[in-house]
Amino acid sequence: MEIVGQFKLALVALVVLAILDVIRHHRLTPHLATDFLPFVAAILTGGLLVPVLLPWLPFRYFALKGMVAGVLLAAILLVLLPMGLTEGVGVVLLVVAITSYIAMMFTGSTTFTTQAGAKLEVRRALPPILVSAAAGTVLRITATFV
Amino acid sequence: MRYILNGHSLVLDAVLCNGCGRCEEVCPHAVFVVMERKAMIANREDCMECGACRMNCATKAIEVSAGVGCAAAIINSMRGKNGECVSCDCG
C-alpha cells in the first residue's frame, strides 16, 4: 500500500528528471535510468525494507527508523553512482526525506502506536522532512546547470 | 515493541474499581493486573490507548484518550481532509 501510494511521487520525479535530462543533453539519454534509480530505491527501502527491519532499526520514532535506513541507502548510492557534490548532497537529502516519510506512514499499521505518540511524531518529524525534501529538490535541479 | 508516549493518558481510579477483571481480559497488551479485587496498571509502557478497557469498565474507573495512532491520519486531519475525523482512508 505504501509503495503503491508513492507511485505518483515516482511519476513526478521521473517527469522532472526527464526534463532535466533533455535540458542537459538535448535528448533523452540512458542517464535518466541512473538518475531515477535513487527514487525507486528510496521508495522500496521505505516501503519494504523499513517494515521488514522495524524491530531491529534503532529509535522509537518511525521517522528516525526510516532516516537510518535512508542514510544507509544514500551511502550505498553514493558509492555506486557517479555524482558531483551538488547532485550527491541533493540525492542524499531527497532519499532520506522519502524513506523517513514513508516509514512514518507505517505507524498506522502496527498494534503498539498511540494517537498522542503519532501526533508528537508528526509535529517533530514532518518539518525537517519537508525542509530536507525541498532543499534536496533545489540542489538536484541546480546540479543540472552547474 | 514500544512507541512514544505509550499509556500517557491512561488513568485508573482505584476507588471506583470493583475488581471485576474485565480490563485484564480485554486488554490486548496485558497492561492491567487484578490483585485483591482491585485492578492496577502493571505495564503502562505497553498500552496502545485503544480504549477497550474504558469501553468495558462497568464502573467507569478507567479514562484513556483513545484514537488511531496513524501519522497518515494525523496529516490528513491537519490538511482538513475528512473534516474533524482523524482517518487515514485505509478503510
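Above this text sits the structure in question.
My aim in this report is to walk through the structure given alongside it, one point at a time. None of these values were measured; they are calculated from a predicted model.

Concerning the pairing of strand β2 (residues 32-35) of chain B
Residue and element names in this part refer to chain B. Two strands pair when backbone bridges link them, and β2 and strand β3 (residues 38-41) are joined in this way by four bridges, in the antiparallel orientation. Looking across to β3, one finds that Met35 is bridged to Lys38. The antiparallel hairpin formed by β2 and β3 contains two residues in its connecting segment, where Glu36 sits at a positive phi of about 50 degrees.

A few points about helix α2 (residues 7-25) of chain A
Residues and elements named next belong to chain A. Between the first and last C-alpha of α2 there are 26 Å, a value that for 19 residues agrees with the 27 Å anticipated at 1.5 Å per step. Buried residues along α2 sit against α3 (31-52) and α6 (115-145). One or two residues past the end of α2 sits His26, with phi positive at roughly 60 degrees.

Structural notes on the environment of Ser65 of chain B
Assignment of secondary structure puts Ser65 of chain B in the loop between β4 (62-63) and α3 (71-78). Taking the C-alpha atoms as reference points, Ser65 of chain B and Val15 of chain B, separated by 50 residues in sequence, lie 20 Å from one another.

So, unusual backbone geometry
All names here are of chain B. At Leu5, a residue that is not glycine, the phi angle is positive and equals roughly 60 degrees. Along the chain, the position of Leu5 falls in the segment before β1 (11-12). Owing to a relative accessible area of 30%, Leu5 belongs among the partly exposed residues under this scheme. Positioned with a positive phi, Lys60 is a non-glycine residue whose angle comes to about 55 degrees. By relative accessible area, which is 64% here, Lys60 ends up exposed.

Side note on a nonpolar patch on the surface
Residue and element names in this part refer to chain A. The grouping of Val12, Val15, Val16, Ile19, Ile23, Ile141 and Phe145 at the surface amounts to a nonpolar patch, some 600 Å² of accessible area in total. Elements supplying a minimum of two residues to the nonpolar patch: α2 and α6. The element that contributes the greatest number of residues to the nonpolar patch is α2, accounting for five residues. Along the polypeptide, Ile19 turns up in helix α2.

Focus on the pattern of salt bridges
Inspection of the entire model under this criterion finds five salt bridges over all chains. Across the salt bridge formed by Arg140 of chain A and Asp35 of chain A, the nearest N and O atoms sit 3.4 Å from each other. Here Arg140 of chain A, found in helix α6, pairs with Asp35 of chain A, found in helix α3; they are 105 residues apart in sequence, far enough to count as distant. Residues Arg140 of chain A and Asp35 of chain A agree in their burial class; the two are buried. When the shortest N-O distance is used, the salt bridge between Glu25 of chain B and Arg22 of chain B registers 2.8 Å. Of the two residues, Glu25 of chain B and Arg22 of chain B are both situated in helix α1 (residues 22-26); the distance of three residues between them amounts to about one turn of the helix. Exposure remark for Glu25 of chain B: the relative accessible area of 56% places this residue in the exposed category. Given a relative accessible area of 35%, Arg22 of chain B falls into the partly exposed group. Ionic contacts of the salt-bridge type, sharing partners, join the residues Asp35, Glu87 and Arg140 of chain A into one network.

Basis of the calculations
- In this numbering scheme, every chain counts its residues from 1 along its sequence in written order.
- Labels are handed out in written order, letters beginning with A for the chains and numbers beginning with 1 for the ligands.
- Only residues with pLDDT of at least 70 are given local features in this predicted model, and only at 80 or more are side-chain atom pairs given and counted; all residues enter the totals for whole chains, interfaces and linings.
- Note that the side-chain values use all heavy atoms of the structure and ignore hydrogens as well as water.
- Strands qualify as paired when DSSP identifies two bridges or more between them.
- Numbering of helices and strands runs from the N terminus, with a helix taken as a DSSP run of H or I at least four residues long and a strand as a DSSP run of E at least two residues long.
- One fewer than the residue count of a helix, multiplied by 1.5 Å, yields its expected span.
- Here, two residues are considered to be in contact whenever any of their heavy atoms come within 4.5 Å of each other.
- Burial classes follow relative accessibility: with a 1.4 Å probe on protein chains only, a residue under 20% of its type's maximum area counts as buried, one over 50% as exposed, and anything between as partly exposed.
- To count toward a patch, a residue needs a relative accessible area above 30% and no salt bridge. Like charges then connect within 9 Å, nonpolar side chains (Val, Leu, Ile, Met, Phe, Trp, Tyr) within 5 Å.
- Every accessible area reported is derived by Shrake-Rupley at a probe size of 1.4 Å, with residue values counting cover from the shown protein chains alone.
- Salt bridge, as applied in this entry: a Lys or Arg side-chain nitrogen positioned within 4 Å of an Asp or Glu carboxyl oxygen.

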